[in-house]
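Residues per chain are reported as follows:
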Amino acid sequence: MLFAVGAGEALATTVHCGDTITQDTTLDSDLVNCPESGVVVPASTPHVTINLNGHVIDGVRAASDLSRSTVGVLAFRSSGVTVENGVIQEFGDAVNAGKTEMVASNMVFRRNYTAFEANHSGATITDNGQHGAEIDYGGSVLDSIVSGNRLDGIYGDQIDPYFTEGGSATLLRNTTDGNGDDGIEIRYFPQGATVSANHAWRNGDLGIEAVSGTRGGGNWAKHNGNPLQCVPSALCSTNGKPKG
């Protein structure tokens, strides 16, 4: 497999900190102590898969550093990027795709300032310095484990009211336990949000906090710091297992 080669670009599967990825790539080694970005997918690059192949993309963020100046995979405004099968740790953002769709599968994001700002599924998101996952422009978090993060496990709020390509959020079958604030917090999305079949236990405040009109149900909120457990309460069951 070959790349179009330019300054900072990678050839075959030998990838270094800061390299530019323009085609499907499988890593053959760890990237350790990357000072800025781990790898970069240029704007408007379509449908690239970065397979970590069991390896780590590692930054230099200290636990006390509450900044977002570094990114493990920077894919701003790239369309349909997938990151899979590895670990991204110790960056400002583990992955940043800006306003475009991105998918993570079989990934661990840990000890970053925040893990994700895009669509993703099948991830483990732990011990990050702010929210575990953020949804700023619309997207989905599916089948993920989101625990031990400093603020909310999953936080969603569309920050740009004029952005028309997103507008909704979907959170399904996630485990959001032991986060510092809420397990899941959902604010405004023009097209609303769906929150269903999530597990939210032992978070600092509410298990689930969502604006009125949020769709879904069958979530399980229990043993959280706020006795209300789930707001609005109709989203959740606090007795027994989720309703499905």
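It should be emphasised that the depicted structure is a prediction, and the values quoted were computed from it without experimental measurement.

**Concerning the sheet that holds strand β19 (residues 199-201)**
Working step 1: Pairing in this open sheet of three strands is parallel, and the strands run β19-β22-β24 from one edge to the other. Whereas interior strands pair on both sides, the edge strands pair on one side only; in this sheet they are β19 and β24 (236-237).
Working step 2: Here two bridges tie strand β22 (residues 219-222) to β24, and the two strands are oriented parallel to one another. Within β24, the position partnered with N219 by the bridge is C236.

**A word on the packing of aromatic side chains**
Working step 1: Applying the stated criterion across every chain, the model contains one aromatic pair.
Working step 2: Ring centres of W201 and W220 lie 4.8 Å apart, and the angle between their planes is 75°; this geometry places the pair in the edge-to-face category. Here W220 lies in strand β22 and W201 lies in strand β19, a separation of 19 residues in the sequence.

**Looking at the environment of D181**
Working step 1: Positionally, D181 belongs in the loop between β16 (169-172) and β17 (184-186).
Working step 2: For D181, a relative accessible area of 25% puts it in the partly exposed group.
Working step 3: Put simply, D181 and N203 are 22 residues apart on the chain and 6.1 Å apart in space, counted from C-alpha to C-alpha.
Working step 4: Contact partners of D181, with chain neighbours within four places excluded, come to R150, L151, D152, N203, G204, D205 and L206.

**Details of the state of the cysteines**
Working step 1: Counted according to the given criterion, the structure contains two disulfides.
Working step 2: Residue pairing for C17: its cysteine sulfur links by disulfide to C34, the two sulfurs lying 2.0 Å apart. Disulfide C17 to C34: torsion about the S-S bond roughly -70°, handedness left-handed. With C17 in the segment before β1 (19-20) and C34 in the loop between β2 (25-26) and β3 (39-40), the pair connects residues that are 17 residues apart, well separated along the chain.
Working step 3: By relative accessible area, which is 31% here, C17 ends up partly exposed.
Working step 4: C230 shares a disulfide with C236; S-S distance 2.0 Å. Disulfide C230-C236: the torsion about the S-S bond is 65°, which places it as right-handed.
Working step 5: Judged by its relative accessible area of 4%, C230 falls in the buried class.

What counts and how
Residues numbered from 1 in each chain as written. Predicted model: local features only at pLDDT ≥ 70, side-chain atom pairs only at ≥ 80, totals over all residues. Heavy atoms only, no water. Pairing = 2+ DSSP bridges. Helix = DSSP H or I, 4+ residues; strand = E, 2+ residues; numbered from the N terminus. Phe/Tyr/Trp six-rings, centres within 6.5 Å; stacked < 30°, edge-to-face > 60°. Buried < 20%, exposed > 50% of the residue type's maximum accessible area, 1.4 Å probe, protein only. Contact = heavy atoms within 4.5 Å. Disulfide = S-S within 2.5 Å.

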